[in-house]
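Below are the chains, spelled out letter by letter.
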Amino acid sequence: MEGTLFNTRPVFPVPPNRPTQQPQQQQQQQQPLKFKPTLLPLTTYSPPPPPSFHLDSLLQHLQHLSSSSSSPITTHNNLTLHSNNRKQPISGSGSRIDENQFSDEKFGFLSDKGKLMLNSIVGSPLHNLNDFFNSVKVELLEVDFPSLLKALGISGNWERALLLFEWVLLNSGSENLRVEKEVIEIMVRILGKESQHSIASKLFDLIPVEEYSLDVRAYTTILHAHARSGKYTRAIHVFEKMKETGLDPTLVTYNVMLDVYGKMGRSWDKILELLDEMRTKGLEFDEFTCSTVISACGREGMLEEARDFFAELKLNGYKPGTATYNSLLQVFGKAGVYTEAQSILREMEDNDCPPDSITYNELVSAYVRAGFHDEGAAVIDTMTKKGVMPNAVTYTTVMNAYGKAGKEDMALKLFSQMKELGCVPNVCTYNSILGMLGKKLRSDDMIEILCDMKLNGCAPNRVTWNTMLAVCGEKGKQNYVKRVLREMKNCGFEPDKDTFNTLISAYGRCGSEVDAAKMYGEMVKAGFTPCATTYNSLLNALARRGDWRAAESVIMEMRTKGFKPNETTYSLLLHCYSKNGNVKGIENVEKEIYDGHVFPSWILFKTLVIAYFKCRHLKGMERAFQQLQKNGYKPDLVVINSMISMYVRYKMHDKAHGMLHFIHESGLEPNLVTYNSLMDLYARQGECWKAEEMLKEIQNTGQRPDVVSYNTVIKGFCRRGLMHEAIRVLSEMTANGVRPCIFTYNTFLAGYAAQGLFNEANEVITYMIEHNIGPNDLSYKIVVDGYCKAGKYTEAIDFVSKIKEIDNSFDVQSAKRLVSCIREGL
């Protein structure tokens, strides 16, 4: 059969709009072009494999990087101990040092015995210290313990101080080894000075600090530790107990608590209460107070509250500084209101308040959130001209924007430029790039980034591991998530609040609701308060299966617990509705946006366009697209391509061409999705030659046509009955390494059946079966419909009866459905 397939086709006339060909080309065109074996896939057809993701190699690199950095501290036996995963010292050589180094100028409060003990502790390896303390218990009883602890802190040996402190806790009750108020205050100061917030939070969760009459400075440090560790409920409890003891909070204490309520969310009333308390006590707001309150508004999307608070500050004579302006910029930057951000920048300049790198970083963020990625990148040049050097945050923000826009290569190019200009990437930069590449399964590039981290001496942090967890969140990959979590813990990184949120989201994407619910329970058990991000993680799982009823319940629970749904919440709800085809639900969210109950951000309008697109609701799409532009936002290619695709579907050719013109006007470049949609437009119009011209244009731009591109052109020729040309395109398709799919063959079946060429159609069916490219129900229905339209009902019945002879997978139910179609035609 191979070699004779499709060789008896009639010659079709050249269409009037066909490109002029040279005589030699015309001669070649008249020769029959056959379906040769070399033009078709190998004997066993299989779809192209998905991009490989080298999890093992990635984990090995990440483990190596993590193990080569300092050992974290983990919880063990209900106390804060060093991780048992490694036995080498974390700091210090473990050799004895000269006691004379502890001069009287700095260590005069320490006795001679104390200096000897200090020398011995500093000279001992960390992993042997507990044994050492047990061996010198008598000597330790003779030393003033608070002074010894203080000396370890002053000498920079906070890890040894921590081990000594916990040893005392374990042995408390022995003579002279009691945990007194002074000892706790010293330990608090040591950990606070070293910014060991996570360790301090865990430690003082175990010690009932409320039972000790600590000073306000110690309480403030503990509150700050809980705040930095996400233990907001615990911080509030300690704060209330502190006030019950009669201690007056200082300005710093209030600022810490404002930060706690701001980060915890749904606490605007509490923030206002604290501000009133501060006014009553005569405390004047400083930059930290003002910027913290405004930042709290930004987290909740409360733009009006931020405006009002800022206006009240100025009305009362407060002159905002750079930090306060930056916080206000962040509020509008997060919302993507770049016009307001520009206005704030002008006000700063008018008030002689010099913008710094943070100011411009927030401006970049505002542009990016409004869809103006190139304008955001251009801020880098503006900063340089004004003498403000872009920093790692600036570059990271722009690179992250490129990643979200699907321009990973541009992000990597900017990354190289950043390093060439001498700006050293930080761990946040690396984490952002790893996350961006992970979404595209570009594991080889991820490994290169990890190697670059090693080269620059940048150690992975918990966020790096969280990023890896997020990357592994794919359908059916929950075991990968568990494995990464296990290795993360083995490297000494205990899950924090963000880790649990990431795990809930990752397991949801894997389709493992049981594991997602388990992580939620473990998060609460670990003392972390669920926040809006937690609920959004749950919504993310629901959005993937379109369970909008469950999603509405989650949002109702959010509101019940005082959380204000943000743009991510509503975006995920829209995805839920669109997945289920619930247009009414989408319209309800749209109404809330247009009525002003939900802030009309760029991401929400974009999601509205896509949601209506998935539901094939043209009017809703057009409304959302118009509102997006009306609010000053810039549509990206995803939005524009969705509009083009919808216009093509509804044969609104002028509007489709108008969107192509809009792409060029906006300074964007059409991508493969754009070209495929326009080729579909020409194919539907019967302008198959124009569709093929566009196929060539794709190649001229350096892009590689995919199976959709070729199938679209083939469909155009088949619809015109130009089967000879369709086979020629198939030849080019396979020669360029693009495999035909079942849609390709069904298109040929439709072309032959429409012309009554049933022998050729039967040959296609036979070829597909012999080469394990199993025809599906649609394949057979196309041929049956062709027979019925030609009035050949007997031949149709005969065709169905013979299918089983050549296709063993063809079942009785499929045969009954086809026979039913034939009878309906009769």
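Analysis parameters
- Residues numbered from 1 in each chain as written.
- Predicted model: local features only at pLDDT ≥ 70, side-chain atom pairs only at ≥ 80, totals over all residues.
- Heavy atoms only, no water.
- Helix = DSSP H or I, 4+ residues; strand = E, 2+ residues; numbered from the N terminus.
- Contact = heavy atoms within 4.5 Å.
- Areas by Shrake-Rupley, 256 points an atom, 1.4 Å probe, with all protein chains shown as cover.
- pLDDT = per-residue confidence, 0-100.
- Buried < 20%, exposed > 50% of the residue type's maximum accessible area, 1.4 Å probe, protein only.
- Phe/Tyr/Trp six-rings, centres within 6.5 Å; stacked < 30°, edge-to-face > 60°.
- Expected span 1.5 Å × (residues − 1).
- 1 Å grid on protein atoms, 1.4 Å probe; cavity = no way out; pocket = protein on both sides within 12 Å on 5 of 7 lines; lining within 4 Å.
- Points joined across faces, edges and corners; volume = space filled by probe spheres on them.
- Nonpolar A, V, L, I, M, F, W, Y, C, P; charged D, E, K, R; others polar.
- Salt bridge = Lys/Arg side-chain N within 4 Å of Asp/Glu carboxyl O.
- Axes fitted to C-alpha atoms, helices over the stretch in contact; angles between N-to-C directions.
- Parallel < 35°, antiparallel > 145°, perpendicular 65-115°, else oblique.
- Left-handed = near helix turned anticlockwise from the far one by under 90°.
- Core = buried A, V, L, I, M, F, W, Y, C linked by side-chain atoms within 4.5 Å.
- Polar contact = N/O pair within 3.5 Å; in protein donor to acceptor, adjacent residues only side chain to side chain.
- Disulfide = S-S within 2.5 Å.

Novice: Help me understand the overall build of the chain in this model?
Specialist: Of regular secondary structure, the chain possesses 45 helices and two strands. Partitioning the contacts of the chain with sequence separation of at least 6, the portion at a separation of at least 24 is 67%. As displayed, the chain has an accessible area near 38,100 Å², and 50% of this comes from carbon and sulfur atoms.

Novice: Any chance you could explain the confidence of the model for the chain here in plain terms?
Specialist: When pLDDT drops low, the exact placement of atoms in the prediction is not to be read closely. For the chain, the average pLDDT comes to 81, and 88% of its residues sit at 70 or higher. Note that pLDDT drops below 50 for residues 70-99; the model gives that stretch 72 contacts with residues more than four away or on any other chain.

Novice: Which parts of the structure should I look at to understand unusual backbone geometry?
Specialist: The backbone of Asp352 shows a phi angle near 55°, a positive value even though the residue is not glycine. If you trace the backbone, Asp352 turns up in the loop between helix H18 (338-350) and helix H19 (357-369). Judged by relative accessible area, Asp352 falls into the exposed class, the value being 70%. One non-glycine residue, Lys651, lies in the positive phi region at around 60°. Accessibility expressed as a relative area gives 57% for Lys651, which makes it exposed.

Novice: Looking at this structure, I do not really get the packing of aromatic side chains. What am I missing?
Specialist: For any pair of aromatic rings, the description rests on two quantities: the centre-to-centre distance and the angle between the ring planes. Tallied over the entire structure, the rule returns 16 aromatic pairs. Considering the side-chain rings of Phe132 and Phe133, the 6.1 Å spacing of their centres and the 55° angle between planes classify their relative orientation as tilted. Accessibility classification places Phe132 together with Phe133 in one group, the buried group. Aromatic pair Tyr780 and Phe799: ring centres 6.3 Å apart, planes at 55°, arrangement tilted. Of this pair, Tyr780 sits in helix H43 (residues 777-789) while Phe799 is found in helix H44 (residues 793-806), placing the two residues 19 residues apart along the sequence. Judged by its relative accessible area of 7%, Phe799 falls in the buried class. Taken together, the aromatic side chains of Phe758, Tyr780, Tyr787, Phe799 and Phe810 make up a single cluster linked through ring pairs.

Novice: When you look at helix H13 (residues 251-264) in this model, what are you seeing that I'm missing?
Specialist: Every α-helical turn comprises 3.6 residues, leaving residues that sit three or four positions apart pointing alike. Given a rise of 1.5 Å per residue, 14 residues ought to cover 20 Å, and the 20 Å separating the end C-alpha atoms of H13 matches this to within 8%. Of all the 14 residues making up H13, eleven are buried; the element is thus mostly covered by neighbouring parts of the structure. Among the residues of H13, those classed as buried are Thr253, Tyr254, Asn255, Val256, Met257, Leu258, Asp259, Val260, Tyr261, Gly262 and Met264. Buried residues belonging to H13 abut helix H11 (216-228), helix H12 (232-244), helix H14 (268-280) and helix H15 (287-300). Of the residues flanking the end of H13, it is Gly265, one or two places downstream, whose phi is positive at about 85°.

Novice: Quick question: what am I supposed to make of empty space enclosed by the protein here?
Specialist: If a probe the size of a water molecule is rolled over the atoms, the empty space left behind becomes visible. Applying the stated criterion across every chain, the model contains one cavity of 30 Å³ or more. Quantified by volume, the largest cavity comes out at close to 30 Å³. Every residue along the wall of the largest cavity is listed here: Tyr261, Gly262, Gly265, Arg266, Ser267, Trp268, Ile271, Ala296, Glu300 and Met302. At the level of secondary structure, the elements contributing two or more residues to the lining of the largest cavity comprise H13, H14 and H15. Partitioning the lining of the largest cavity into residue classes produces five nonpolar, three polar and two charged.

Novice: How do you make sense of helix H26 (residues 478-490) when you look at a structure like this?
Specialist: Relative to the 18 Å expected for 13 residues at 1.5 Å per residue, H26 spans 18 Å between its end C-alpha atoms, a close match to the ideal helical length. In the stretch just after H26, Gly492 is the one whose phi turns positive, near 90°.

Novice: Explain the pattern of salt bridges to me, please; I cannot follow it from the model alone.
Specialist: Between side chains of opposite charge, a pair can form as their charged atoms come close. Under the criterion given, the structure shown has 32 salt bridges. A salt bridge links Glu304 to Arg307; the nearest nitrogen and oxygen atoms lie 2.6 Å apart. Placement of the pair is Glu304 and Arg307 together in helix H16 (residues 303-315), with a separation of three residues, close to one helical turn. Given the relative accessible area of 46%, Glu304 is considered partly exposed. Overall, the relative accessible area of 29% leaves Arg307 in the partly exposed class. Each of Glu692, Lys696, Glu725, Arg728 and Glu732 takes part in one network of salt bridges that share partners.

Novice: I'm lost on the layout of surface pockets in this one. Help?
Specialist: The calculated volume of the second largest pocket comes to roughly 520 Å³. Together, 15 residues line the second largest pocket, and Asp259, Lys263, Ser295, Arg299 and Gln330 are the ones closest to its centre. When residues of the lining of the second largest pocket are traced back to their parent elements, those giving at least two are H13, H15, helix H17 (322-335) and H19. The element contributing the most residues to the lining of the second largest pocket is H15, with six residues.

Novice: Mind showing me how you'd approach the packing of helix H20 (residues 373-385) against helix H21 (residues 392-404) here?
Specialist: Geometry of a packed helix pair, given as the angle between the helix axes and the separation of the axes. Interhelical geometry of H20 versus H21 gives an angle of 160° and a closest axis separation of 9 Å. In terms of their interaxial angle, H20 and H21 are classed as roughly antiparallel. Helix-helix and strand crossings are classified by hand; for H20 and H21 the assignment is left-handed. Residue-level contacts link His373, Asp374, Gly376, Ala377, Ile380 and Met383 of H20 to Thr394, Tyr395, Val398, Ala401 and Tyr402 of H21.

Novice: Help me out: how do you make sense of the nonpolar core in this one?
Specialist: What tends to happen in soluble globular proteins is that the nonpolar side chains get buried as a cluster. Counting residues in each nonpolar core, the largest one holds 257 residues, and the members touching the most others are Ile121, Phe133, Leu149, Leu164, Met187, Phe204 and Phe748. Discounting chain neighbours no more than four positions away, the residues touching Phe204 are Ile184, Val188, Leu191, Val209, Ile222 and Arg234.

Novice: Before we go on, may I ask you to explain the packing of H11 against H12 in this structure?
Specialist: For the pair H11 and H12, interaxial distance at closest approach is 8 Å and the crossing angle is 165°. Taken as axis vectors, H11 and H12 run roughly antiparallel relative to one another. Crossing geometry of H11 relative to H12 is assigned as left-handed. Counted together, Val216, Tyr219, Leu223, His226 and Ala227 of H11 and Tyr232, Arg234, Ala235, Val238, Phe239 and Met242 of H12 form the full contact between these two elements. Of the residues contributing to the contact of H11 with H12, the split by class is nine nonpolar, one polar and one charged.

Novice: Even after reading the chapter, I still don't get the side chain of Ser512, so can you show me in this structure?
Specialist: Here Ser512 shows up in the loop between helix H27 (497-510) and helix H28 (513-525). Contacts of Ser512, omitting those with residues within four sequence positions, involve Gln478 and Tyr507.

Novice: I tried to follow the environment of Ile358 on my own but got confused; where do I start?
Specialist: Counting through the fold element by element, Ile358 comes out in helix H19. Taking C-alpha positions, Ile358 is 9.0 Å from Thr322, a pair spaced 36 residues apart along the chain.

Novice: Mind showing me how you'd approach the environment of Phe717 here?
Specialist: With respect to the secondary-structure elements, Phe717 resides in helix H39 (residues 707-719). Taking the C-alpha atoms as reference points, Phe717 and Glu687, separated by 30 residues in sequence, lie 8.7 Å from one another. If sequence neighbours within four positions are ignored, Phe717 has contacts with Cys688, Trp689, Glu692, Leu722, Glu725, Ala726, Arg728 and Val729.

Novice: Hey, could you run me through the side chain of Thr397 in this one?
Specialist: Inspection of the secondary structure assignment puts Thr397 in helix H21. A polar atom in the side chain of Thr397 sits 2.8 Å from the backbone oxygen of Val393. In contact with Thr397, other than residues within four places in its own chain, are Val364, Ser365 and Val368.

Novice: It is not clear to me how the environment of Gly336 should be interpreted in this structure. Could you clarify?
Specialist: Secondary-structure assignment places Gly336 in the loop between H17 and H18. Classification of Gly336 as buried rests on a relative accessible area of 0%. Residues Gly336 and Ile603, 267 residues apart in the sequence, show an inter-C-alpha distance of 8.7 Å. When sequence neighbours within four positions are dropped, the list of residues in contact with Gly336 reads Ala366, Arg369, Ala370 and Tyr633.

Novice: Looking at this model, I keep getting lost on the state of the cysteines. Mind explaining?
Specialist: A disulfide bridge is the covalent bond that connects two cysteines by way of their sulfur atoms. Tallied over the entire structure, the rule returns zero disulfides. Counting only cysteine sulfurs, Cys458 is the nearest neighbor of Cys428, a cysteine outside any disulfide, at a range of 8.7 Å.

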